[in-house]
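Working through the structure, step by step
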Amino acid sequence: MKIKLTKRNLDAVKPNPTHDRYLWDDEVRGFGLRVKPSGARSFFIQYRNRRGSSRRFTLGKFSVLAPDEARKMARAKLAEVAKGADPAEERSQDRDAMTVRQLCRAYLESAEKGLILGKRKRPKKPSTLYIDRGRIERHILPLLGSRRVRDLTTPDIVRFMRDVTAGKTADDVKTGVRGRAIIEGGAGTASRTVGLLGGILSFAVSEGVIASNPVRGVKRPADNRREIRLTAEQYRALGKAVAAADVGGENPSAVLAIRLLALTGCRRGEIERLQWDEVDLPGRCLRFSDSKEGKSIRPLGADAVRLLAKLTNDSRYVLPGNAPDKPFVGLPKAWPRIVRTADLPDLTPHGLRHAFASVAVDLGYSEPTIAALLGHGTHSITGRYLHHLDSALLAAADKVAGEIAVMMAGQRTSVKIVPLRPKRRRVLTTVGANVR
C-alpha cells in the first residue's frame, strides 16, 4: 500500500491483528512503515545490496521519529546503498563485533596453549600468565571490557593509561578465605598494563579483528624501578636479624632463602624453586634450566658454595616446603617477621638483588660483568664472551658475595659505600646496572 507517509495518515492506520502491515511512501522509493499486530510502528528502508540480495534496515520508531525526519534519513541511507554500502550488514557486524572482554578471553586461551610468544620468542610461563590475568581483571576489563575492539582509538588508550595512573582502578578485594588483593595505580602499573594491552591488541591484528594497533605510538610513562643500595650498617642489621631468626625457631628454609638471595643476587622465584640438579658445586654455579631469561648459568661465590655444601639433599628442592616434593613458598610471610628488627621497611627480597648489583658497582665491575653475574639476557658479543669467562666471572662472584658476607657479619669491608642523604633513611639510591 502506497501513501504519503505523514503523521495524519499514519495515525489513521489500524494494525492487522494477524500479521504485519507495510505502508510504502509514494515519494521516496524503498521507504516505508511497518505496523505490527501489537500496534508498534517503525520506519524502514528496503533495498538490494551489491550481491542482489533484498535487505531491510530499520530507521527508528514512529513514536521517536517524525515522518519528515525518517524520510530524510531514508534518502541518506539509500544514497549510501547506491554507492555500494550495506547498512543492514554493517549493523549486524556492529552487533557481533568482538569486545575487549571477548578478546582478552581469546588471548588468554591462546596463551595457555602456548600460542602467544613472550620473551625470547617462547610461550609465556604460568607465572607470567598469572600476572597478565591480574592486570586484565583488575585494570583492563573494568575500564575497557565492554568496548568494541574495532572502536578503540589511540586517544582511548591514552585516557585508559591516565585513569590507571590516577588510581581509578585501585581497590582492596578479598580473594579466597583469607586472601586479599590490593590493587594500586601509578605510573609503573599504567606503563606495564598498557604494554600488556598492546600485546593483546597485536594478537587482535594477527587474528584479523582490527587492521592496526591503537597502542602503537602511545608514549608510556617511565617505569621507575627502584634501585636498592644497602650500607654496611644496614647489611649488618640484616645479618643480625637473619641470625636471630635462625636461632629463634624460624623456618630454616626462610632463613636460608634470605642468605642465598643476599649472596647470589638471584630472583626470589629462582631460589624458592631451586632444585639440586641445578646446583653444580664442583663448577661453582647454578644451572637454571628455565629462568626468566631461559637457560641461565649463574656463578657462585665461595660463601654461597659453603652455604649450599652444608645442606642435605633429602628433597629434590634445595628449599623444601611442608611436603618434600614441594618447594618452599612461605618467604612472603616469613620475610616481614625476620627483617622487622633490621629497621629496613622498604627492603624486599628482590631488593637484595639490586643491593647485590650495587656492591658489584662499588667494587668497580663493568655493567656487562654485572649483567652476567645476575643472569641478564644479552645478545651482545661482550655478553656472550663474559658468559664463557668462567674464571673471571667466578672471581667476580667470589668478591661480591665475600663483601656481602663480611658486611652481614659486621666485619670491616673494602667496599666504598656512598652515604645516604640525611633526610632519607630509606635504602634507595641509583646504581649502574638495571636490575630485573
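Residues numbered from 1 in each chain as written. Predicted model: local features only at pLDDT ≥ 70, side-chain atom pairs only at ≥ 80, totals over all residues. Heavy atoms only, no water.

Digging into the overall build of the chain
A count of helices and strands for the chain gives 16 helices and 10 strands. In the chain, the proportion of contacts linking residues at least 24 apart, taken out of those at least 6 apart, comes to 60%. With the model as given, the accessible surface of the chain reaches about 24,100 Å², and the carbon-plus-sulfur share is 50%. (Helix = DSSP H or I, 4+ residues; strand = E, 2+ residues; numbered from the N terminus. Contact = heavy atoms within 4.5 Å. Areas by Shrake-Rupley, 256 points an atom, 1.4 Å probe, with all protein chains shown as cover.)

Observations regarding the pattern of salt bridges
Where charged atoms of side chains with opposite charge meet at close range, the side chains can pair. Enumeration over the complete set of coordinates arrives at 26 salt bridges. Across the pair D20 and R34 runs a salt bridge whose closest N-O atoms are separated by 4.0 Å. Of this pair, D20 sits in the loop between helix 1 (7-11) and strand 2 (21-25) while R34 sits in strand 3 (residues 31-35), and the two are 14 residues apart along the sequence. For R34, a relative accessible area of 22% translates into the label partly exposed. (Salt bridge = Lys/Arg side-chain N within 4 Å of Asp/Glu carboxyl O. Buried < 20%, exposed > 50% of the residue type's maximum accessible area, 1.4 Å probe, protein only.)

Overview of the pairing of strand 3
Among the five residues of strand 3, four are classified as buried, and the element is accordingly described as predominantly covered. Where strand 2 meets strand 3, four bridges bridge the pair, whose relative direction is antiparallel. Residue pairing across strands places L23 opposite L33, the latter belonging to strand 3. Hairpin connection from strand 2 to strand 3: five residues lie between these consecutive antiparallel strands, with G30 at a positive phi of about 95°. Bridging between strand 3 and strand 4 (residues 41-48) involves five bridges; their strand directions are antiparallel. (Pairing = 2+ DSSP bridges.)

Description of the packing of aromatic side chains
Throughout the structure, instances matching the rule amount to five aromatic pairs. Relative to F203, the ring of Y107 lies with its centre 5.8 Å away and its plane at 75°, an arrangement referred to as edge-to-face. One end of the pair, Y107, is in helix 4 (residues 100-112); the other, F203, is in helix 7 (residues 187-206), and 96 residues separate them in sequence. With a relative accessible area of 2%, Y107 lands in the buried category. Judged by relative accessible area, which is 10%, F203 ranks as buried. Counting every residue linked through ring pairs, the aromatic cluster contains Y22, W24 and F44. (Phe/Tyr/Trp six-rings, centres within 6.5 Å; stacked < 30°, edge-to-face > 60°.)

Quick look at the sheet that holds strand 5 (residues 54-61)
With mixed pairing, five strands are arranged side by side in an open sheet as 1-2-3-4-5. The outermost strands of the open sheet, each flanked by one partner alone, are strand 1 (2-3) and strand 5. In this fold helix 2 (residues 67-82) packs onto strand 2, strand 3, strand 4 and strand 5, with an angle of close to 20° to the strand it touches most, strand 4. Against the sheet, helix 3 (residues 87-96) contacts strand 4 and strand 5, and its axis sits at roughly 70° relative to strand 5. (Axes fitted to C-alpha atoms, helices over the stretch in contact; angles between N-to-C directions.)

Regarding the packing of helix 8 (residues 232-247) against helix 9 (residues 252-264)
Helix-helix packing is described using two parameters, namely the angle between the two axes and the distance between the axes. Contact geometry of helix 8 with helix 9 gives a least axis separation of 9 Å together with a crossing angle of 155°. It follows from the interaxial angle that helix 8 and helix 9 lie roughly antiparallel. At the point where helix 8 passes helix 9, the crossing takes the left-handed sense. For the pair helix 8 and helix 9, the contacting residues are V242, A243, A245 and D246 in the first and V255, I258 and R259 in the second. Residue composition of the contact of helix 8 with helix 9, grouped by class: five nonpolar, no polar and two charged. (Parallel < 35°, antiparallel > 145°, perpendicular 65-115°, else oblique. Left-handed = near helix turned anticlockwise from the far one by under 90°. Nonpolar A, V, L, I, M, F, W, Y, C, P; charged D, E, K, R; others polar.)

Digging into the confidence of the model for the chain
On average, residues of the chain carry a pLDDT of 86, and 86% of them reach 70 or more. With pLDDT under 50 throughout, residues 379-389 is counted as low confidence; its partners more than four residues away or in other chains account for 12 contacts. Residue range residues 417-433 is modelled with pLDDT below 50. Its contacts to residues more than four positions away, or to other chains, number 37 contacts. (pLDDT = per-residue confidence, 0-100.)

Side note on helix 12 (residues 331-339)
By the burial criterion, the buried members of helix 12 are L331, A334, W335, I338 and V339. Seen from one end, helix 12 has its buried residues packed into an arc of 115°, which puts them on one side. Packed against the buried residues of helix 12 are helix 8, helix 9, helix 10 (268-272) and helix 13 (349-362). (Arc of directions from axis to C-beta.)

Regarding the packing of helix 9 against helix 11 (residues 302-309)
At a closest axis distance of 9 Å, the pairing of helix 9 and helix 11 adopts a crossing angle of 155°. In this view, helix 9 runs roughly antiparallel relative to helix 11, as classed from their interaxial angle. The hand of the helix 9/helix 11 crossing is left-handed. Every residue of helix 11 that contacts helix 9 at L256, R259, L260, L263 and T264 is listed here: D303, A304, L307 and L308. Of the residues in the contact of helix 9 with helix 11, the class split is six nonpolar, one polar and two charged.

Observations regarding the environment of F31
Looking at the secondary structure, you find F31 in strand 3. Judged by relative accessible area, which is 0%, F31 ranks as buried. Between the alpha carbons of F31 and I45 there is a distance of 4.5 Å; along the sequence they are 14 residues apart. Residues contacting F31, with those up to four places away along its chain left out, are L5, L23, W24, D25, F43, F44, I45, L59, P67, A70, R71 and A74.

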